[in-house]
Amino acid sequence: MLRLFWAIELPQDLRKKLGKVREKIKFKSAKWVEQENIHLTLKFLGSTPEEKVEEIRSEVEKICRNHQPFQISLSTFGAFPSNKKARVLWFGVAQGADKAICLAKDIEKAMAKLGFEEERKPYHPHITLARLKFLEQIDEERLKLLAQNFEGSQVEVKEITLFQSQLTPKGPIYTPLSRIALKQGLG
Ligand code: 3AM
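Here the structure is a predicted model, which is why all the values come from computation and not from measurement.

## Notes on the site of the ligand
The local shell around the ligand consists of Arg 3, Phe 5, His 39, Thr 41, Phe 44, Glu 119, His 126, Thr 128, Arg 131 and Tyr 174. Here Thr 41 contributes a side-chain N or O atom positioned 2.8 Å from an oxygen atom of the ligand. Against a free-state accessible area of 480 Å², the protein chains account for coverage of 66% of the ligand. Taking a 2 Å distance to the grid points as the criterion, the majority of the atoms of the ligand fall inside the largest pocket. Of the residues belonging to the shell around the ligand, the class tally is three nonpolar, four polar and three charged.

This is the structure we're talking about:
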């Protein structure tokens, strides 16, 4: 079985910059996402038989034919479930969030047809930066200031990636298994 998820990869310079956020804000119980692992998840599939990968790929290929490349820009930091009781610290998507949502919804529907469990919570495009072991309050003012460093950061989303996630004691290892281009041009 392979543990899989679909995601949007982020350019290395942006990952590097996001990876440095950990030096600028302190949490008592944070487990920060390693710089090379920072990404934007579209759909988590979980444990999947290897022989299903081709079918998954081909269904998502069909979807990508109906979605043109788009741009995303970053907005502000946020936390799940809330800033007062943070468990996950993330960076949100401003411009292009609608496109990412639309793409994620189509993938969700196609994967549901293949028998994958549908996500109960609405999809909220976000880039996870840290997971907190204990509920902690986050310093919103500090994060607002930090977010200013990312104003104007844009990502061209031209393809999406099927990742394998291997959980190890040293942290997860994400390996790209397949990349699928979004439709080019208008035709
Ligand atoms: O990048 P984020 O944090 O949004 O949280 C996991 C990560 O998403 C999520 O899949 C991405 C790659 O691991 N994930 C892990 N287990 C999950 C689960 N059981 C899950 N999402 C939903 N259900």
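What follows picks up the thread again.
## Quick notes on the sheet that holds strand β2 (residues 30-32)
Each strand in a sheet pairs with its neighbour through backbone hydrogen bonds, running either in the same direction (parallel) or in the opposite one (antiparallel). Sheet architecture is open: five strands sit in the order β2-β6-β5-β4-β7, paired in antiparallel fashion. Two strands lie at the open edges of the sheet, namely β2 and β7 (154-157), each paired on one side alone. Shown here is a sheet whose adjacent strand axes are inclined to one another by a mean of 30°, direction ignored. Sheet topology places strand β5 (residues 86-93) next to strand β6 (residues 126-136); six bridges connect them, and they run antiparallel. Of the residues in β6, the one forming a bridge with Phe 91 is Ile 127. In this fold helix α4 (residues 140-147) packs onto β4 (70-81) and β5, with an angle of close to 165° to the strand it touches most, β4.

## What about the environment of Leu 167?
Relative to the assigned elements, Leu 167 resides in strand β8 (residues 159-168). When the C-alpha atoms of Leu 167 and Arg 3 are compared, they prove to be 8.9 Å apart, with 164 residues separating the residues in sequence. If we skip the residues at most four places from it in the chain, Leu 167 touches Arg 3 and Pro 172.

## Details of the packing of aromatic side chains
For any pair of aromatic rings, geometry is given as the distance between the ring centres together with the angle between the planes. One pass over the structure, following the stated rule, counts eight aromatic pairs. Consider the rings of Phe 77 and Phe 150, whose centres lie 6.4 Å apart with planes at 85°: the pair is edge-to-face. Highlighted residues: Phe 77 in strand β4 and Phe 150 in the loop between α4 and β7, separated in sequence by 73 residues. Phe 150 carries the same exposure label as Phe 77, and that label is buried. What links up through ring pairs into an aromatic cluster is the set Phe 5, Phe 163 and Tyr 174. For the cation-ring pair, Lys 17 lies above Phe 150, with the distance from its terminal atom to the ring centre recorded as 4.9 Å. Sitting above the plane of the Phe 116 ring, Lys 52 keeps its charged end 5.0 Å from the centroid.

## Considering the nonpolar core
One finds Trp 6, Leu 18, Phe 77, Met 111 and Ile 160 to be the most contacted residues of the largest nonpolar core, which totals 54 residues. Residue contributions to this core peak at seven residues, all from helix α3 (residues 97-113). Beyond its immediate chain neighbours, meaning those up to four positions away, Ile 160 contacts Trp 6, Ala 7, Ile 8, Leu 42, Val 60, Cys 64, Leu 103, Ile 107, Ser 178, Arg 179, Ile 180 and Leu 182.

## Focus: the side chain of Asn 37
With respect to the secondary-structure elements, Asn 37 resides in the loop between β2 and β3 (39-48). Setting aside residues no more than four positions away along its own chain, Asn 37 makes contact with Pro 172 and Tyr 174.

## Remarks on the layout of surface pockets
Of the voids in this model, the largest pocket is the one considered here, and its volume is about 1,200 Å³. Looking at the largest pocket, it is lined by 33 residues, and the ones nearest its centre are Thr 41, Phe 44, His 126, Thr 128 and Arg 131. At the level of secondary structure, the elements contributing two or more residues to the lining of the largest pocket comprise β1 (2-9), β2, β3, α3, β6, β8 and β9 (171-181). Of the residues forming the lining of the largest pocket, the biggest block, five residues, is contributed by β3.

## Focus on helix α2 (residues 53-64)
Between its first and last C-alpha, α2 extends 16 Å over 12 residues, near the 16 Å set by a 1.5 Å rise per residue. Tucked into the core, α2 has its buried residues touching β1, β3, α3, β8 and β9.

Conventions adopted
- Residues numbered from 1 in each chain as written.
- Predicted model: local features only at pLDDT ≥ 70, side-chain atom pairs only at ≥ 80, totals over all residues.
- Heavy atoms only, no water.
- Near = heavy atom within 4 Å.
- Polar contact = N/O pair within 3.5 Å; in protein donor to acceptor, adjacent residues only side chain to side chain.
- Areas by Shrake-Rupley, 256 points an atom, 1.4 Å probe, with all protein chains shown as cover.
- 1 Å grid on protein atoms, 1.4 Å probe; cavity = no way out; pocket = protein on both sides within 12 Å on 5 of 7 lines; lining within 4 Å.
- Sits in = over half its atoms within 2 Å of the grid points.
- Nonpolar A, V, L, I, M, F, W, Y, C, P; charged D, E, K, R; others polar.
- Pairing = 2+ DSSP bridges.
- Helix = DSSP H or I, 4+ residues; strand = E, 2+ residues; numbered from the N terminus.
- Axes fitted to C-alpha atoms, helices over the stretch in contact; angles between N-to-C directions.
- Contact = heavy atoms within 4.5 Å.
- Phe/Tyr/Trp six-rings, centres within 6.5 Å; stacked < 30°, edge-to-face > 60°.
- Buried < 20%, exposed > 50% of the residue type's maximum accessible area, 1.4 Å probe, protein only.
- Lys NZ or Arg CZ within 6 Å of the ring centre and 35° of its normal.
- Core = buried A, V, L, I, M, F, W, Y, C linked by side-chain atoms within 4.5 Å.
- Points joined across faces, edges and corners; volume = space filled by probe spheres on them.
- Expected span 1.5 Å × (residues − 1).

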